Amino acid sequence: TLDEWGVLDALSGLADKSWVQVGKGDAPRYHLLESARLYALEQLAQADETDAVRVRHCEAMDALAGQHFGQHWSLPPEALAALVPEWDNFVAAFDRSLRARQADAAARLFAAVLRTSTIAGRPPGSRELVIRANALAPMLSGLPATPQAHALAAIAIDLALADIREADAAYRNADVVRGVDAVRDLRP
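Because the structure is predicted, anything quoted here is derived from the model rather than measured.

Colleague: Looking at this structure, how should I read the pattern of salt bridges?
Modeller: Close approach of charged atoms lets side chains of opposite charge pair. Under the counting rule described, the total for this entry stands at three salt bridges. Where Glu86 meets Arg29, a salt bridge forms, and the shortest distance between an N and an O atom there is 2.7 Å. Here Glu86, found in the loop between helix 4 (77–80) and helix 5 (87–99), pairs with Arg29, found in the loop between strand 1 (20–22) and strand 2 (30–32); they are 57 residues apart in sequence, far enough to count as distant. You can call Glu86 buried: its relative accessible area is 16%. The salt bridge partner of Arg108 is Asp62, with a shortest N-O separation of 2.7 Å. Taken together, the positions of Arg108 in helix 6 (residues 103–117) and Asp62 in helix 3 (residues 50–69) put the pair 46 residues apart, joining distant regions of the chain. For Asp62, a relative accessible area of 15% corresponds to the buried category.

Colleague: Looking at this structure, I do not really get a nonpolar patch on the surface. What am I missing?
Modeller: The grouping of Trp5, Leu8, Val22 and Tyr30 at the surface amounts to a nonpolar patch, some 420 Å² of accessible area in total. Take Val22: it is sitting in strand 1. The partly exposed category is assigned to Val22, whose relative accessible area is 43%.

Colleague: Explain the nonpolar core to me, please; I cannot follow it from the model alone.
Modeller: Note on soluble globular proteins: their nonpolar side chains tend to be buried together. Grouped together as the largest cluster of nonpolar side chains are 30 residues, with contacts concentrated most on Phe90, Phe94, Leu109, Phe110, Leu136 and Leu140. Those elements giving two or more residues to this core turn out to be helix 3, helix 5, helix 6, helix 7 (127–136) and helix 8 (145–162). Among the elements that take part in this core, helix 6 stands out by supplying nine residues, more than any other. With near-sequence residues (within four places) excluded, Phe90 lies in contact with Met61, Leu64, Ala65, Leu83, Leu109, Ala112, Val113 and Thr116.

Colleague: I would appreciate a short explanation of unusual backbone geometry in the present structure.
Modeller: A negative phi angle characterises most non-glycine residues, just as the trans form characterises most peptide bonds. A positive phi angle is found at Ser18, which is not glycine, with a value near 65°. When you line up the elements, Ser18 lands in the loop between helix 1 (4–16) and strand 1.

Colleague: What am I meant to see in the side chain of Ser97 here?
Modeller: Position of Ser97 among the secondary structure elements: in helix 5. A polar contact of 2.8 Å, which involves the side chain of Ser97, links it to the backbone oxygen of Phe94. Apart from the residues lying within four places of it in its own chain, the contact partners of Ser97 are Cys58, Gln102, Ala105, Ala106, Leu109 and Met139.

Colleague: Whenever I open this one, the confidence of the model for the chain confuses me. Can you help?
Modeller: Low pLDDT means the predicted coordinates in that region are not meant to be read closely. Residues of the chain with pLDDT of at least 70 account for 76%, and the chain-wide mean is 78. Averaged pLDDT values over the elements of the chain bottom out at 52 in helix 10 (residues 181–186) and peak at 91 in helix 2 (residues 34–46).

Rules used throughout
- Residues numbered from 1 in each chain as written.
- Predicted model: local features only at pLDDT ≥ 70, side-chain atom pairs only at ≥ 80, totals over all residues.
- Heavy atoms only, no water.
- Salt bridge = Lys/Arg side-chain N within 4 Å of Asp/Glu carboxyl O.
- Helix = DSSP H or I, 4+ residues; strand = E, 2+ residues; numbered from the N terminus.
- Buried < 20%, exposed > 50% of the residue type's maximum accessible area, 1.4 Å probe, protein only.
- Patch = residues over 30% accessible without salt bridge, like charges linked within 9 Å, V, L, I, M, F, W, Y side chains within 5 Å.
- Areas by Shrake-Rupley, 256 points an atom, 1.4 Å probe, with all protein chains shown as cover.
- Core = buried A, V, L, I, M, F, W, Y, C linked by side-chain atoms within 4.5 Å.
- Contact = heavy atoms within 4.5 Å.
- Polar contact = N/O pair within 3.5 Å; in protein donor to acceptor, adjacent residues only side chain to side chain.
- pLDDT = per-residue confidence, 0-100.

This is the structure we're talking about:
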């Protein structure tokens, strides 16, 4: 139950002891050394808090993705640059939401993964993203029309870069969600 200043003091103390590396930049990022990360994971497991921390991580990344979800198609790449350092976190949270069958969170997180992938040096249409897209698509039927259409359009774009035949099928799936401008506007 630390406040913001308490967290910064704790991080500074860990950095002073070389448990944490501090990245450069206006908003520094903190990285655990591998030995510290393994120790922290061991301590979480002993306290039986691993699942709770993973759930909180997924919720935090989903909230961040959700802030950009409604407008991610219109955001310029430079606006997404701030999200690039979170790419691995988005992927981890997306994978967890897939395993938990949380379609709404998975859809937002997939959009964040896809939009930041090129900027992060991981081109859309890569095999790893296609596998994720194919895992997400069947889960989307229970979502409201707009998020479903956004997610299906994101999947279609990713698949288009990997395989045009799969993209055509994804567009036909997205067309099932009638009356959503996002699908009509994205059709080539």
